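Report on the structure
The lines below spell out each chain.
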Amino acid sequence: MISFFSRWRRARTLQRYAIPETLWQEALTALPFLADWPKSELEALRTMSVLFLCDKNIVGARGFAVTPFQRVVVAVQACIPVLKLGLEWYDDFETVVLCSDEFITNTEWEDEDGVVHRDNEPLMGETMQGGPVVLSWPDALDANRERDSDEYEDNSVLETWEGNASPVNVVIHEFVHKLDMKNGEANGCPPLSSNLLMARWKQTMEHAYDDFCRRTEAEEDIGIDPYATEHPAEFFAVLSEVFFVAPARLRETYPDVYECFRLFYRWGPT
Ligand SMILES: [Zn+2]
């Protein structure tokens, strides 16, 4: 139940921190895929973005000065996955770190044989469990750029891929990892509203993931970022990018996945 006080506080926040019209229009221009969205959803997105900006700190890394435009462009995209789920899905973190460019984390991890590896490839985004989301600003702005195979020089499977460019959105991608991490390590399965949906989700996603890996390996032209083959969690995040940025492509390629996503996200762009 929402108390009178929280309703009053919400209304006051929305009024006091409203996104000015010019800034809102600039953000919409920077995110052209939103042009196809219904007006009602865009209004809801604007409202949620205000609440997101009041709730989270968007800070620049190493002296990078974050502008109001950058804050809005990040907030709008961050709110897309939780538009119908609610901002409380992001309760476990307070900070979004914005970098002036791609960044290197130097994360160490141990493989099955006990060998320690150090990741030093430049990243566009990273999400930490219970911690901040880190984003490269040029990539966060490049919201519906089509990624092509040149970006996969270091990966043997992806190196040879010459398929159709894929719609990408690094902000949606990272925040979908946040949803995935709500019930433990990212595994491609966020908390779902019923056991029925859970069973359907697992079966659909496993089947689609196997199919996607097989087709990518066979160099079939699917038009979805082959980075999705890396792990079921990446598959969920990449296909969610397609769901929101180029929904028709997901509906045509994996209609069952589109339907599962529509049930989970509680609506589906068309
Ligand atoms: Zn990822």
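Refer to the preceding data block for the structure.
Nothing here was measured: the structure is a model prediction, and the numbers come from that model.

Observations regarding the coordination of the zinc ion
- The zinc ion binds to the protein through H173 (NE2), H177 (NE2), E234 (OE) and E234 (OE), with metal-donor distances spanning 2.1 to 2.8 Å.
- Bound by four donor atoms, the zinc ion shows angles of 51 to 139 degrees at the metal and therefore irregular coordination geometry.
- Counting gaps between the donor residues of the zinc ion yields the pattern H-x3-H-x56-E. Of this pair, H173 sits in helix α7 (residues 170-180) while E234 sits in helix α9 (residues 232-245), placing them 61 residues apart in sequence.
- Taking relative accessible area as the criterion, H173 reaches 7% and is therefore assigned buried.

Section: the sheet that holds strand β6 (residues 133-136)
- Ordered in space as β1-β2-β6-β5, the four strands form an open sheet in which the pairing is mixed. Bordering the open sheet on either side are β1 (57-60) and β5 (125-127), each of which pairs with just one other strand. Direction aside, the axes of adjacent strands within the sheet are offset by 15 degrees on average.
- In terms of strand pairing, β1 meets strand β2 (residues 95-99) through four bridges, oriented parallel. Looking across to β2, one finds that G60 is bridged to L98.
- Docked against the sheet, helix α4 (residues 68-79) engages β1, β2 and β6, running at close to 120 degrees with respect to β2.
- α7 contacts β2, β5 and β6 of the sheet and is inclined by roughly 170 degrees relative to β6.

Structural notes on α7
- Across the 11 residues of α7, 11 count as buried, placing the element largely inside the fold.
- Turning to α7, its buried residues are V170, V171, I172, H173, E174, F175, V176, H177, K178, L179 and D180.
- Where α7 begins, the side chain of N169 points an oxygen toward the backbone nitrogen of V171, at a separation of 3.2 Å.

Considerations on helix α2 (residues 21-30)
- Among all positions of α2, only L23, W24, A27, L28 and A30 are buried. Viewed end-on, α2 has its buried residues packed into an arc of 160 degrees, placing them on one side of the element. Facing away from the buried side of α2, by more than 90 degrees, are the exposed residues T22 and T29.
- Along its buried surface, α2 packs onto α3 (39-55), α4 and α5 (137-141).

Examining the side chain of E241
- Tracing the chain through its elements places E241 in helix α9.
- When neighbours within four sequence positions are excluded, E241 is seen to be in contact with P167, V168, N169, V170, I172, H173 and A246.

Some thoughts on unusual backbone geometry
- Of note, the phi angle at R62 is positive, near 45 degrees, even though the residue is not glycine.
- R62 sits in the exposed class, given a relative accessible area of 81%.
- With phi around 70 degrees, R266 is a residue other than glycine that occupies positive phi space.
- Following the sequence through the fold, R266 ends up in the segment after α11 (255-265).

Concerning the nonpolar core
- Membership of the largest hydrophobic core comes to 76 residues, with the highest contact counts inside it found for L34, W37, F52, F175, L239, F261 and Y265.
- No other element matches α9, which puts nine residues into this core.
- Contact partners of F175, with chain neighbours within four places excluded, come to F52, A78, P81, Y90, F93, V96, V133 and L135.
- With five residues, the next largest nonpolar core counts V97, C99, F103 and V134 among its residues.

Reading guide: rules and limits
- Residues numbered from 1 in each chain as written.
- Predicted model: local features only at pLDDT ≥ 70, side-chain atom pairs only at ≥ 80, totals over all residues.
- Heavy atoms only, no water.
- Donors = N, O, S within 2.8 Å, 3.2 Å for Na, K, Ca; no water.
- Tetrahedral: all angles 85-135°; square planar, octahedral: opposite > 155°, others 65-115°.
- Helix = DSSP H or I, 4+ residues; strand = E, 2+ residues; numbered from the N terminus.
- Buried < 20%, exposed > 50% of the residue type's maximum accessible area, 1.4 Å probe, protein only.
- Pairing = 2+ DSSP bridges.
- Axes fitted to C-alpha atoms, helices over the stretch in contact; angles between N-to-C directions.
- Contact = heavy atoms within 4.5 Å.
- Polar contact = N/O pair within 3.5 Å; in protein donor to acceptor, adjacent residues only side chain to side chain.
- Arc of directions from axis to C-beta.
- Core = buried A, V, L, I, M, F, W, Y, C linked by side-chain atoms within 4.5 Å.

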